[in-house]
Amino acid sequence: MRIRVIGAGVAGLAAAFEFARAGCEVLLIERREGPGLGCSHLAGGMIAPWCEAGEGADPCVVDLGVESLRFWTETAPLAVAQGSLVVAPARDQPELARFARRTSGFQNLDAAGVAALEPDLSGRFEQALFFPQEAHLDPRAALASLAARLVECANVALRFGVDADPLTGKADWTIDCRGFDARDALPELRGVKGEMLVLATSEVTLARPVRMLHPRHPVYIVPRGDGRFMIGATMIENDEPGRVTARGMLELLGAAYAVHPAFAEAEIIETGAGVRPAFPDNLPRLRVKDRVMSINGFYRHGFLLAPALARRAVEVALQGAYFPEVMDADQDQRRSA
Ligand SMILES: Cc1cc2nc3c(=O)[nH]c(=O)nc-3n(C[C@H](O)[C@H](O)[C@H](O)COP(=O)(O)OP(=O)(O)OC[C@H]3O[C@@H](n4cnc5c(N)ncnc54)[C@H](O)[C@@H]3O)c2cc1C
């Protein structure tokens, strides 16, 4: 079967990977000059299904996320499985209890437990939640690596710097993974802007992502190695890419400083803002129309959910499968067949 994938963000790369594994002939087309340069470029790279439930995500995000976690740690082992740590300042301890009530898969830690896991946080937090099964990756390195693996496959071709139209082109199926640029085909898609920054310091060492809870501005720190830390992310209901605000940086830097004061002396090596593509319920969808399948609406869960959606896309295309958790009822392939 010939498959044309449009867009080489995490959605398109995961789809190309799974269709190639299923033996299809895959052509992946990306308008930018390389892989993962859209919204995926700005991501934190947390593969954290249980923490997302703590933040209020739908239960299906946990199920799909656990499946994707296996992809990133076993199928394409590009993630580091060191778990995640969730902390809160003393005045926001009720936030920690609220987070714990919404989720599972964690251990309660006291101050000694925090110090044992992250020695640099010794004496800074009396309580924390530890999610031992979660993982994290460097989104840029991971997507470059996925693209490099695809280049090596005899049944895959990649084209960069090419603008494609989902409605034209010869293939048995076109997989539309254009992210927020697919608004022409998906009018209900909205943008949720996220600002981030990267700090460099040799004075802090963290082995795993640390989430700092706050009633208004929950923030996370993801270690990237070599003394670099991604700090993210704001959640703003607009679709204005690129513009980084002073307020956003204040929130992120304030939280980083609250996790460890040495971040005040860190060098800011990058700031950025991306637009997360989201449907009204913030859940991803797989939509089928006339041999065009769109995979979109990943919101803040592109790395967490794209592999699970990619696997489902293969089963829809090859076997006419139907997945009610991510497909609309009128797209039941069995009924329409
Ligand atoms: C600050 C921030 C932090 C985040 N942190 C996390 C996190 O920790 N974990 C997580 O799971 N998610 C995270 N996310 C969310 C995640 O980044 C997104 O859900 C994900 O990147 C969406 O991927 P995508 O492939 O749908 O879109 P994109 O990455 O935008 O990819 C779409 C691609 O399609 C290409 N394209 C568009 N139109 C065409 C065309 N006509 N022809 C060819 N190519 C085209 C674009 O150039 C682009 O490369 C974060 C997002 C932000 C902004």
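Just so we're clear, the structure is a prediction, and the values are computed from it rather than from any experiment.

Rules behind the numbers
- Here the residue numbering is sequential within each chain, running from 1 through the sequence in written order.
- Under the rules for a predicted model, residues below a pLDDT of 70 receive no local features and side-chain atom pairs below 80 are neither given nor counted, while totals for whole chains, interfaces and linings still include all residues.
- Side-chain numbers come from the whole structure's heavy atoms, not from hydrogens or water.
- Working definition: helices are DSSP H or I runs of at least four residues, strands are E runs of at least two. Numbering for both runs from the N terminus.
- In this treatment the radius of gyration is a C-alpha quantity, and the globule benchmark scales as 2.2 Å times the residue count to the 0.38 power.
- Three labels apply to residues, based on accessible area from a 1.4 Å probe with only protein chains included: buried if under 20% of the type maximum, exposed if over 50%, partly exposed otherwise in between.
- Should any heavy atoms of two residues lie within 4.5 Å, those residues are considered in contact.
- Accessibility throughout is a Shrake-Rupley quantity obtained with a 1.4 Å probe, and a residue counts as covered only by protein chains that appear here.
- When charges are counted, neither His nor the chain ends are considered; positive counts come from Lys and Arg and negative counts from Asp and Glu.
- A charged residue contributes its charge at one atom only: NZ of Lys, CZ of Arg, CG of Asp or CD of Glu.
- The working definition used for a salt bridge is a side-chain nitrogen of Lys or Arg within 4 Å of a carboxyl oxygen of Asp or Glu.
- Within this scheme a cavity is a closed region of a 1 Å grid, computed over the protein atoms alone, that accommodates a 1.4 Å probe without allowing it to escape, whereas a pocket is open but has protein on both sides within 12 Å along at least five of seven lines; lining residues each have an atom within 4 Å of a point.
- Grid points are joined across faces, edges and corners, and a volume is the space filled by probe spheres set on the points.
- Any residue that is not Ala, Val, Leu, Ile, Met, Phe, Trp, Tyr, Cys, Pro, Asp, Glu, Lys or Arg is counted as polar, Gly included; the first ten are nonpolar and the last four charged.
- All domain edges in this entry derive from an automatic or database-based domain assignment.
- The set of buried Ala, Val, Leu, Ile, Met, Phe, Trp, Tyr and Cys residues whose side-chain atoms join them within 4.5 Å is what this entry labels a nonpolar core.
- A strand pair is defined by DSSP finding two or more bridges across the two strands.
- To get an axis, fit a line to the C-alpha atoms, keeping to the stretch in contact for a helix; angles then go from 0 to 180 degrees between the N-to-C directions.
- The length a helix should cover is 1.5 Å for every residue beyond the first.
- The rule for a residue being near a molecule or strand is that one of its heavy atoms must lie within 4 Å of it.
- Counting of polar contacts relies on pairs of N or O atoms within 3.5 Å, with two restrictions inside protein: one atom must be capable of donating a hydrogen and the other of accepting it, and residues adjacent in sequence are counted only when both atoms are side-chain atoms.

Engineer: Talk me through the overall build of the chain; I want residue IDs and the actual numbers.
Structural biologist: The secondary structure content of the chain amounts to nine helices and 16 strands. On C-alpha atoms alone, the chain measures out to a radius of gyration of 20 Å, which is about the 20 Å that the 2.2 N^0.38 rule sets for 337 residues. Overall, the C-alpha framework of the chain stretches about 60 × 35 × 35 Å when taken along its three principal axes. Counting over 337 residues, the chain shows a buried share of 55%. Across the chain, contacts joining residues at least 24 apart in sequence account for 75% of those joining residues at least 6 apart. Element-wise, carbon and sulfur atoms account for 49% of the exposed surface of the chain, whose accessible area totals about 14,300 Å². Each charge class in the chain can be summarised by its mean position, and for the 36 positive and 43 negative side chains these summaries are 3 Å apart.

Engineer: Describe in detail the pattern of salt bridges, supporting the description with residues and values.
Structural biologist: Once their charged atoms are close, side chains differing in charge can pair, the charge on each being opposite to the other. Scanning the model with the defined rule gives 21 salt bridges in all. For E95, the salt bridge identified is with R98, shortest N-O distance 2.9 Å. Of this pair, E95 and R98 are both found in helix α4 (residues 93-101), three residues apart, which corresponds to roughly one turn of the helix. Since its relative accessible area comes to 16%, E95 is described here as buried. Among the residues examined, R98 registers a relative accessible area of 35% and is labelled partly exposed.

Engineer: Please provide a residue-by-residue account of the layout of surface pockets, values included.
Structural biologist: Counted as a void, the second largest pocket has a volume near 590 Å³. Secondary-structure elements contributing two or more residues to the lining of the second largest pocket are α2 (49-54), α4, β12 (219-225) and α7 (246-259). Within the lining of the second largest pocket, the residues separate by chemical class into 14 nonpolar, nine polar and 13 charged. Domain assignment of the residues forming the lining of the second largest pocket places at least three in each of domain 1 (2-42 + 138-187 + 281-335) and domain 2 (84-132 + 191-278).

Engineer: Which residues make up the nonpolar core, and what values do they have?
Structural biologist: In terms of nonpolar packing, the biggest core is built from 81 residues, with F19, V26, W72, L150, I175, L286 and M293 touching the most fellow members. Residue contributions to this core peak at eleven residues, all from helix α8 (residues 302-319). When residues are assigned to domains, this core turns out to be shared by domain 1 (2-42 + 138-187 + 281-335) and domain 2 (84-132 + 191-278), each giving three or more. Once residues within four sequence positions are removed from consideration, F19 is found in contact with I3, C24, V26, I175, A313, V314, A317 and L318. L85, V87, M212 and F263 belong to the second largest nonpolar core, which has 26 residues in total.

Engineer: Would you mind going over the sheet that holds strand β9 (residues 173-176) in detail, with residue names and values included?
Structural biologist: Each strand in a sheet pairs with its neighbour through backbone hydrogen bonds, running either in the same direction (parallel) or in the opposite one (antiparallel). Pairing is mixed in the open sheet, where six strands are placed in the order β8-β2-β1-β9-β16-β15. Where the open sheet ends on each side, the last strands, each with one partner, are β8 (156-160) and β15 (285-289). Strand-to-strand, the axes of this sheet are offset by a mean angle of 15 degrees, without reference to chain direction. Along the sheet face, helix α1 (residues 10-21) touches β1 (2-6), β2 (25-30), β8, β9 and β16 (292-296) and points at about 170 degrees away from the line of β2. Where α8 meets the sheet, its contacts fall on β9, β15 and β16, and the angle it forms with β15 comes to roughly 25 degrees.

Engineer: Before we move on, can you summarise α8 with the specific residues and values?
Structural biologist: Residues three or four positions apart in an α-helix share a direction because the helix packs 3.6 residues into each turn. In a regular helix each residue adds 1.5 Å, so 18 residues correspond to 26 Å; α8 covers 25 Å between its end C-alpha atoms and thus fits that length. Most of α8 sits inside the fold, with 14 of its 18 residues counted as buried.

Engineer: So what's going on with unusual backbone geometry? Which residues, and what values?
Structural biologist: Along the chain, G232 connects to A233 via a cis peptide bond; the corresponding omega equals -20 degrees. The topology assignment puts A233 in the loop between β13 (228-232) and α7. In this structure, D226 is a non-glycine residue whose phi angle is positive, near 55 degrees. Following the sequence through the fold, D226 ends up in the loop between β12 and β13. For D226, a relative accessible area of 77% gives the class exposed.

Engineer: Can you break down the site of the ligand residue by residue, with the values?
Structural biologist: By nearness alone, 36 residues border the ligand, and E30, R32, S40, Y299 and F303 come closest of all. Residue G44 places a main-chain N or O atom 2.9 Å away from a nitrogen atom belonging to the ligand. Here the ligand loses 97% of its free accessible area of 1,000 Å² to cover by the protein chains. Taken together, the elements giving at least two residues each to the shell around the ligand come down to α1, β2, β14 (267-278) and α8. Of the residues forming the shell around the ligand, the biggest block, three residues, is contributed by α8. Of the residues in the shell around the ligand, the class split is 17 nonpolar, eleven polar and eight charged. Both of domain 1 (2-42 + 138-187 + 281-335) and domain 2 (84-132 + 191-278) provide at least three residues apiece to the shell around the ligand.

The values are spatial; any link to function lies outside them.
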